[in-house]
Amino acid sequence: MTRPDVLMTAPMRPVIGDTLAPHVTVHRLWEAPDQPATIRALAPRIRGVATSTLFGRVDAALFDALPQLEIVASFGVGYDNVDVAAAAARGIIVTHTPGVLDDEVADLTVGLLLATIRRIPQADRYLRDGRWPEANFPLSPTLRGRRIGIVGLGRIGKAVARRLAAFDVAIAYHGRSRQPVDYPYFPTIVGLAAACDVLIILAPGGDGTRHLVDAAVLAALGADGILVNVARGSLVDEAALVAALASGTILAAGLDVYADEPRVPADLAALPNTVLLPHIASGSAATRDAMGRLVADNLIAWFKTGRPLTSVPETARLVR
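Note that the structure is predicted; figures quoted are calculated from it, not measured.

Novice: Summarise the side chain of Gln 122; cite the residues concerned and give the values.
Specialist: Position of Gln 122 among the secondary structure elements: in helix α6 (residues 120-128). Residue Gln 122 is classed as buried on the basis of its relative accessible area, which comes to 7%. Setting aside chain neighbours within four positions, we find Gln 122 in contact with Ala 115, Phe 137, Pro 272, Thr 274 and Val 275.

Novice: An account of the sheet that holds strand β11 (residues 274-276) is requested, with residue identities and associated values reported.
Specialist: Within a beta sheet, neighbouring strands are joined by backbone hydrogen bonds and run either parallel or antiparallel to one another. The sheet built from six strands is open, its strands ordered β7-β6-β8-β9-β10-β11 with parallel pairing. The two strands at the open ends of the sheet, each matched to only one other strand, are β7 (170-174) and β11. Across this sheet, the average inter-strand angle for adjacent strands is 15°, counted without regard to direction. Relative to the sheet, helix α5 (residues 102-118) contacts β6 (147-151), β8 (198-201), β9 (226-229), β10 (252-255) and β11, its axis offset from that of β9 by approximately 150°. Sheet strands in contact with helix α10 (residues 238-247) are β9, β10 and β11, and its direction is about 140° off that of β10.

Novice: I'd like a description of the packing of aromatic side chains, backed by residues and values.
Specialist: This structure, assessed with the given rule, holds two aromatic pairs. Ring geometry for Tyr 126 against Phe 137: centres 5.2 Å apart, planes inclined by 75°, an arrangement best described as edge-to-face. Within this pair, whereas Tyr 126 is found in helix α6, its partner Phe 137 is found in the loop between α6 and β6, the two being separated by eleven residues in sequence. Residue Phe 137 is classed as partly exposed on the basis of its relative accessible area, which comes to 23%. Both rings, one in Tyr 173 and one in Tyr 185, keep their centres 5.1 Å apart while their planes meet at 50°; by these two values the pair is tilted. Of this pair, Tyr 173 sits in strand β7 while Tyr 185 sits in the loop between β7 and α8 (189-195); the two residues are twelve residues apart in sequence, bridging distant segments of the chain. Side by side, Tyr 173 and Tyr 185 carry an identical accessibility label, which is buried.

Novice: Break down the nonpolar core for me, with residues and values.
Specialist: Core analysis: the largest hydrophobic core is formed by 53 residues, its most contacted members being Leu 20, Leu 113, Ile 148, Ile 150, Leu 164 and Ile 200. In terms of residue count, the dominant contributor to this core is α5 (eight residues). Beyond its immediate chain neighbours, meaning those up to four positions away, Leu 20 contacts Met 8, Val 26, Ala 296, Leu 299 and Ile 300. Counting residues in each nonpolar core, the second largest holds 28 residues, with Val 151, Ala 193, Leu 218 and Ala 240 among its members.

Novice: Describe in detail empty space enclosed by the protein, supporting the description with residues and values.
Specialist: One pass over the structure, following the stated rule, counts one cavity of 30 Å³ or more. Roughly 30 Å³ of volume is contained in the largest cavity. Taken together, Asn 229, Gly 233, Val 236, Glu 238, Leu 241, Leu 255, Val 257 and Tyr 258 form the lining of the largest cavity. When the residues that make up the lining of the largest cavity are grouped by side-chain class, the tally is five nonpolar, two polar and one charged.

Novice: Can you explain helix α7 (residues 155-165)? Please cite residues and give values.
Specialist: Residues of α7 that are buried: Ile 156, Gly 157, Ala 159, Val 160, Ala 161 and Leu 164. Its buried side turned inward, α7 meets α5, β6, β7 and β8.

Novice: Please give an account of the pairing of strand β3 (residues 46-51) that cites residues and values.
Specialist: By the criterion of burial, β3 is predominantly enclosed, with five of the six residues buried. Of the pairings in the sheet, the one linking strand β1 (residues 5-8) to β3 comprises four bridges and is parallel in character. Along β3, the bridge assignment pairs Asp 5 with Ile 46. With four bridges connecting them, β3 and strand β4 (residues 71-74) associate as parallel partners. Across the sheet, residue Thr 51 finds its bridge partner in β4, namely Ser 74. Once you follow β3 into helix α3 (residues 60-65) and on to β4, the crossover reads as right-handed.

Novice: With reference to specific residues and values, describe the sheet that holds β3.
Specialist: Taken together, five strands build an open sheet; the order of strands is β2-β1-β3-β4-β5 and the sheet is parallel. This sheet does not close on itself; its edge strands, each paired only once, are β2 (25-28) and β5 (93-95). Going from strand to strand, the sheet's axes swing by 20° on average, the running direction of each strand aside. Note that β4 and β5 share three bridges and pair parallel. Opposite Ile 71, over in β5, you have Ile 93 as the bridge partner. Those strands touched by helix α12 (residues 285-305) are β1, β3, β4 and β5, and its axis lies near 160° from that of β4.

Novice: So, the side chain of His 27: which residues are in play, and what are the values?
Specialist: Among the secondary structure elements, His 27 is positioned in strand β2. Engagement of the side chain of His 27 in a polar contact is seen with the side chain of Asp 5, the distance being 2.6 Å. If we ignore the near neighbours within four places in the chain, the residues touching His 27 are Asp 5, Val 6, Leu 7, Met 8, Leu 42, Arg 45 and Ile 46.

Thresholds applied
Residues numbered from 1 in each chain as written. Predicted model: local features only at pLDDT ≥ 70, side-chain atom pairs only at ≥ 80, totals over all residues. Heavy atoms only, no water. Helix = DSSP H or I, 4+ residues; strand = E, 2+ residues; numbered from the N terminus. Buried < 20%, exposed > 50% of the residue type's maximum accessible area, 1.4 Å probe, protein only. Contact = heavy atoms within 4.5 Å. Pairing = 2+ DSSP bridges. Axes fitted to C-alpha atoms, helices over the stretch in contact; angles between N-to-C directions. Phe/Tyr/Trp six-rings, centres within 6.5 Å; stacked < 30°, edge-to-face > 60°. Core = buried A, V, L, I, M, F, W, Y, C linked by side-chain atoms within 4.5 Å. 1 Å grid on protein atoms, 1.4 Å probe; cavity = no way out; pocket = protein on both sides within 12 Å on 5 of 7 lines; lining within 4 Å. Points joined across faces, edges and corners; volume = space filled by probe spheres on them. Nonpolar A, V, L, I, M, F, W, Y, C, P; charged D, E, K, R; others polar. Right-handed = clockwise from strand over helix to strand, strands pointing away. Polar contact = N/O pair within 3.5 Å; in protein donor to acceptor, adjacent residues only side chain to side chain.

Shape is all these values report; function is a separate question.
Structure, rendered in structure tokens:
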């Protein structure tokens, strides 16, 4: 039997190609000197795509160029890099990699929150710069007594909440709907921000959540407020955030994601009341390999059984 052809759009974890190799024929697009010509040549054969945000947006133009395409397997729990509506309209399944990265991201989220509140990177630089003999490092704010608001109480949000419960802090949440949990629910993000002094962003990206955190939300969070974003940079109005941090509208921010990665605005990087990470929330070798195996396993399961393991909700109805 002829093996299915899969187009891998950008460099990805080696485990993906290694896992796929016995089951499909993999074509590595980034190795092609003329990518459009390669797509045209392969178009009649490609039935699957393995992709990540490194490639950019997978959209209708690519779908139309690959008329035999059946499935797009995306590396990551967020999948706003794929035009899911266009895929669904063409009967193309889209999968992502939820579950396997929840604990890693939750751990990093709590670490980033602590680093931001206690100013851990700033203290490290203070010592390395030889300033400790001159004076003790200034006292930091505290996590004690804080009210934590989680925006997006999905799998990762719940994992963060479980970890924060050990710190004896109050937890509340905002999302598209109320959930069967004991935490207070706020139907608006402004209401949650006004009731809390830490706002942790864990909602999905996409057009529907662009600039969900804007100047009004930051003003509601207040002068003692801390913003932590490990979701997507598009959820936060970066210009409004820079203004809020510079003016003291909020106290500090810990960020792992940005609107135009890997480019981070210079005025944001220059602010002393920020902790900035280069999108590493799921960035352990073990977790990234687990994500990679799930990318491959989704493709293998589809071609063997017609049932992928983790289809995104928008295309789940296409699975028989």
